[in-house]
Structure formats: C-alpha cells, structure tokens
Amino acid sequence: MARKPNTYSGGCLCGNIRFNVTGKPTFPHLCSCRMCQTWSGAPTVAWVEFPLEGVSWTGPGGKPSLFRSSQKTRRGFCDQCGGTLAAMDDGYDKISLTIATFDEPSKLVPGKQHSYRKSAPDWLKVEIDRAAK
Ligand SMILES: [Zn+2]
Ligand SMILES: [Zn+2]
C-alpha cells in the first residue's frame, strides 16, 4: 500500500512497539539535556512533534511503557529492548517522537533549535544538512 502524505511509521529495536503517525510534523529539533542523554545513551536526541490524536501504536506490545522523568513529562520506551521512542507532557495535545526511530528518519530534518547544546559533550560537533531529503 502506498504511503499517504503526512503518514509516518517507526518503532523500537525489537519491533515490539511500532507506531503510525499522521498529521503535520512540527518542531523538529535536537536536545542535549542531561535527561535526554541519560535516557537514550546518545549525546543528543532528535525530536519531532505530532498531534497526539494522530498516533496509533501498532506493534504487538501496544503502547510503550512510561517513565515519569520530570513533574510534567513522561517518556515512552520499549520494556523488551529499551528503545527510547516518545515523550509526552501532561495536558499537551502533542507527542514528541525520536526521529531516529522512524522508518525513514531522513524525511524529518531538525530545524535550528538545539536545546541544551551546552550540555552536549565538548567533542560533539553537530552539522545538519537541511538540503537533504
Ligand atoms: Zn523493543
Ligand atoms: Zn532533552
């Protein structure tokens, strides 16, 4: 079946948690806060937001497990492989998904925003090719 415009899919390392999202992706950005780093194991995490109502969890594991990482934020992960997939703020109508877990991560290009850049390791140099598609 052909992919509809503005429909994306992705999932965790083991495939237990899979998602489809529809709607307009917003605020693609990088975050190097210490929470993102220690949650993912990566020096920076690429995020993108979608309308919460546009997400369906399609893998055999259903919804990701949730960890409350701060007063208003829960982070979603696979409890089988540990894959780091999502973040949701209480009362917010969008979900953040990790761009690298999409099946076609090249289609979601981070914008200028690099949150907590100063928390990234000194050796990390990030260059984003915004012309890439
Ligand atoms: Zn998994
Ligand atoms: Zn962060």
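A.B. asks: How would you sum up the overall build of the protein? Please name residues and give values.
C.D. replies: Per the secondary structure count, the protein includes one helix and 10 strands. Reading the protein from its N terminus to its C terminus gives the helix and strand order β-β-β-α-β-β-β-β-β-β-β. Based on the C-alpha atoms only, the size of the protein along its principal axes is roughly 40 × 35 × 30 Å. Surface exposure of the protein reaches about 7,900 Å², of which carbon and sulfur atoms provide 52%. For the protein, the distance from the average position of its 18 positive side-chain charges to the average position of its 11 negative side-chain charges is 3 Å.

A.B. asks: Give a description of the coordination of the zinc ion (ligand 1) that names residues and reports values.
C.D. replies: Of the protein atoms, only Cys12 (SG), Cys14 (SG), Cys78 (SG) and Cys81 (SG) coordinate the zinc ion (ligand 1), at distances of 2.3 Å. Among the residues examined, Cys81 registers a relative accessible area of 26% and is labelled partly exposed.

A.B. asks: Describe the coordination of the zinc ion (ligand 2), and please don't skip the residues or the numbers.
C.D. replies: Around a metal, the perfect tetrahedron of four donors has angles of 109.5 degrees, and the perfect octahedron of six donors has angles of 90 or 180 degrees. Distances from the zinc ion (ligand 2) to its protein donors, namely Cys31 (SG), Cys33 (SG) and Cys36 (SG), fall within the range 2.2 to 2.3 Å. Written as a sequence motif, the donor residues of the zinc ion (ligand 2) are C-x1-C-x2-C. In this structure, Cys33 and Cys36 share a single accessibility class: buried.

Calculation rules
Residues numbered from 1 in each chain as written. Chains lettered and ligands numbered in written order. Predicted model: local features only at pLDDT ≥ 70, side-chain atom pairs only at ≥ 80, totals over all residues. Heavy atoms only, no water. Helix = DSSP H or I, 4+ residues; strand = E, 2+ residues; numbered from the N terminus. Areas by Shrake-Rupley, 256 points an atom, 1.4 Å probe, with all protein chains shown as cover. Lys, Arg positive; Asp, Glu negative; His and termini not counted. Charge placed at Lys NZ, Arg CZ, Asp CG, Glu CD. Donors = N, O, S within 2.8 Å, 3.2 Å for Na, K, Ca; no water. Buried < 20%, exposed > 50% of the residue type's maximum accessible area, 1.4 Å probe, protein only.

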